[in-house]
Amino acid sequence: MKSNYHFNRNQLLALASLILLSPAMQLFPHAAADYAHQAAPLGAPAAIPAMLIYLYFIAQFMDARREGEGLAELSIRCLGDKAGRITLFIMGAWLLLYSGFVLRVGADRLITTIYPYSTPGFFVIIMGLLCVIAVLGSARTIVRIAKIILPPVFGLIIFILLFAMFSISKENLLPITADDALPVLKSSLATVYVLSGILYFTAFFAAFTPKKEHTFRDYTIWMCAMVLFISCLCIAVVGSFGAELTINLAWPFFSLVRNLVFFHSLERIEALVVALWIFPDFLFVSLLMYSAQHCLRLALGEPAPAYSGEKLFSMEKRRWVIPICGAITILCGLLIGPDPISLDFWSRRIISVINLIFAFLLIPGIYCYGKIKKKL
């Protein structure tokens, strides 16, 4: 693999920050308010102890990798050839299912906020095809796009949250009593779900980063920044609308944007804000699809499944897997959650459960097995 297709850990964490926006805006502050009501902003900080444990594990796993190894290659080394390939097929299937889910949620956001009379199929197909083109290139291209998009997107979010602070009411956030402790802990699970998922999804891209010390420190700094962001998001939305109204809103943050007036004249910028969320969706689906095809090509025996300068539409080195992954992703996006009720069921009962199983059972199981067999 040519070194000019590498990138560093800071760039990878920039990608992690941007793709976090897709699940964050779906779950927060809706899920936090559902459990903790006015204490919703405390849910993210309450997740820090559990996340530190997970960060320590994932940092140890990544520190055990060799040059050019990511989570897919580590799984093969830990489990052996046969079991490792079976695991990679399972991982690939999960990544494609999740990428289809992200496509469907992104389409739902566009329909709910801007195009109320549209159907999700058009958005799913167009975004899916764009992601296939991205996946036919190098992982570095996906990361570099994230690096470019990150400042304006987060700059706009900070701008919005600062203005939203002027409209919050302390009655919507107080009082907080000892009775809120258990609901806050329950609400912290959403933060653990999102952050742990982002970490192991990006671990597949670790194969393209050089080995570097201080993995746990870098992950911890990133986690603290994301916890602060989620807390500020909950303060702004729950403080403005109250917990009861927040729970009943499909996309609370975008409803907040719709109701803000900037400098007494500028308003109704939600279309611009929603349009910017196309980039996190695009990058998230591209990351998942790229990781899926990487796992599947590795499982099929391709010794170097990473991009190494092939022509965009070249099908050598089993690159025919990429359009198949794209077709499966689009199909999943079309079939998942045809209506809002079933989409909510998929989100709460299927996708979230499978994601937690992968994050806290399968991935740690691979690590432990590798340690027992002294392959790490």
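This structure is a prediction, so every number in the text was calculated from the model and none was measured. (Residues numbered from 1 in each chain as written. Predicted model: local features only at pLDDT ≥ 70, side-chain atom pairs only at ≥ 80, totals over all residues. Heavy atoms only, no water.)

Let us look at the packing of aromatic side chains. The tally for this structure, following the rule as stated, stands at 27 aromatic pairs. Residues Tyr54 and Phe360 carry aromatic rings whose centres are separated by 4.9 Å and whose planes lie at 50 degrees to one another, so their mutual orientation is tilted. Of this pair, Tyr54 sits in helix α5 (residues 48–63) while Phe360 sits in helix α17 (residues 340–372), and the two are 306 residues apart along the sequence. Take Tyr54: its relative accessible area is 3%, and that puts it in the buried class. According to the relative accessible area criterion, Phe360 is partly exposed, its value standing at 33%. (Phe/Tyr/Trp six-rings, centres within 6.5 Å; stacked < 30°, edge-to-face > 60°. Helix = DSSP H or I, 4+ residues; strand = E, 2+ residues; numbered from the N terminus. Buried < 20%, exposed > 50% of the residue type's maximum accessible area, 1.4 Å probe, protein only.)

A separate point is a nonpolar patch on the surface. A cluster of nonpolar side chains, namely Phe89, Leu300, Met315, Trp320, Ile324 and Ile328, defines an oily patch on the protein surface of about 500 Å² accessible area. Here Ile324 shows up in helix α16 (residues 321–335). (Patch = residues over 30% accessible without salt bridge, like charges linked within 9 Å, V, L, I, M, F, W, Y side chains within 5 Å. Areas by Shrake-Rupley, 256 points an atom, 1.4 Å probe, with all protein chains shown as cover. Salt bridge = Lys/Arg side-chain N within 4 Å of Asp/Glu carboxyl O.)

In this section: the environment of Asn4. With respect to the element layout, Asn4 can be found in the segment before α1 (9–19). We classify Asn4 as partly exposed; its relative accessible area is 41%. Distance in space between the C-alpha atoms of Asn4 and Ala306 is 12 Å, their sequence separation being 302 residues.

All right, on to the layout of surface pockets then. Where empty space is left becomes clear once a probe the size of a water molecule has been rolled over the atoms. Taken as a whole, the largest pocket encloses approximately 890 Å³ of empty space. Taken together, 33 residues line the largest pocket, and the ones lying closest to its centre are Gln26, Leu27, Asp344, Ser347 and Arg348. Among the elements of the structure, α2 (21–27), α3 (30–36), α7 (81–113), α10 (181–203), α12 (243–248) and α17 are those that each provide at least two residues to the lining of the largest pocket. In terms of residue class, the lining of the largest pocket is made up of 19 nonpolar, six polar and eight charged. (1 Å grid on protein atoms, 1.4 Å probe; cavity = no way out; pocket = protein on both sides within 12 Å on 5 of 7 lines; lining within 4 Å. Points joined across faces, edges and corners; volume = space filled by probe spheres on them. Nonpolar A, V, L, I, M, F, W, Y, C, P; charged D, E, K, R; others polar.)

With that out of the way, let us pick up the pattern of salt bridges. The full count for this structure, using the stated rule, is ten salt bridges. Between Arg85 and Asp81 there is a salt bridge, and its shortest N-O distance comes to 3.1 Å. One end of the pair, Arg85, and the other, Asp81, are both in helix α7, four residues apart, so they sit about a helical turn from each other. A residue is classified by how much of its surface remains accessible, and Asp81, at 49% relative accessible area, is partly exposed.

Turning our eyes to something else, we now look at the state of the cysteines. Scanning the entire structure with this criterion turns up zero disulfides. With no disulfide of its own, Cys131 lies closest to Cys325 among cysteine sulfurs, the gap being 13 Å. Looking at the unpaired Cys234, the closest cysteine sulfur is the one in Cys232, lying at 9.4 Å. The class of Cys234 is buried, set by a relative accessible area of 1%. (Disulfide = S-S within 2.5 Å.)

Limitation: the analysis is restricted to geometry and does not speak to function.
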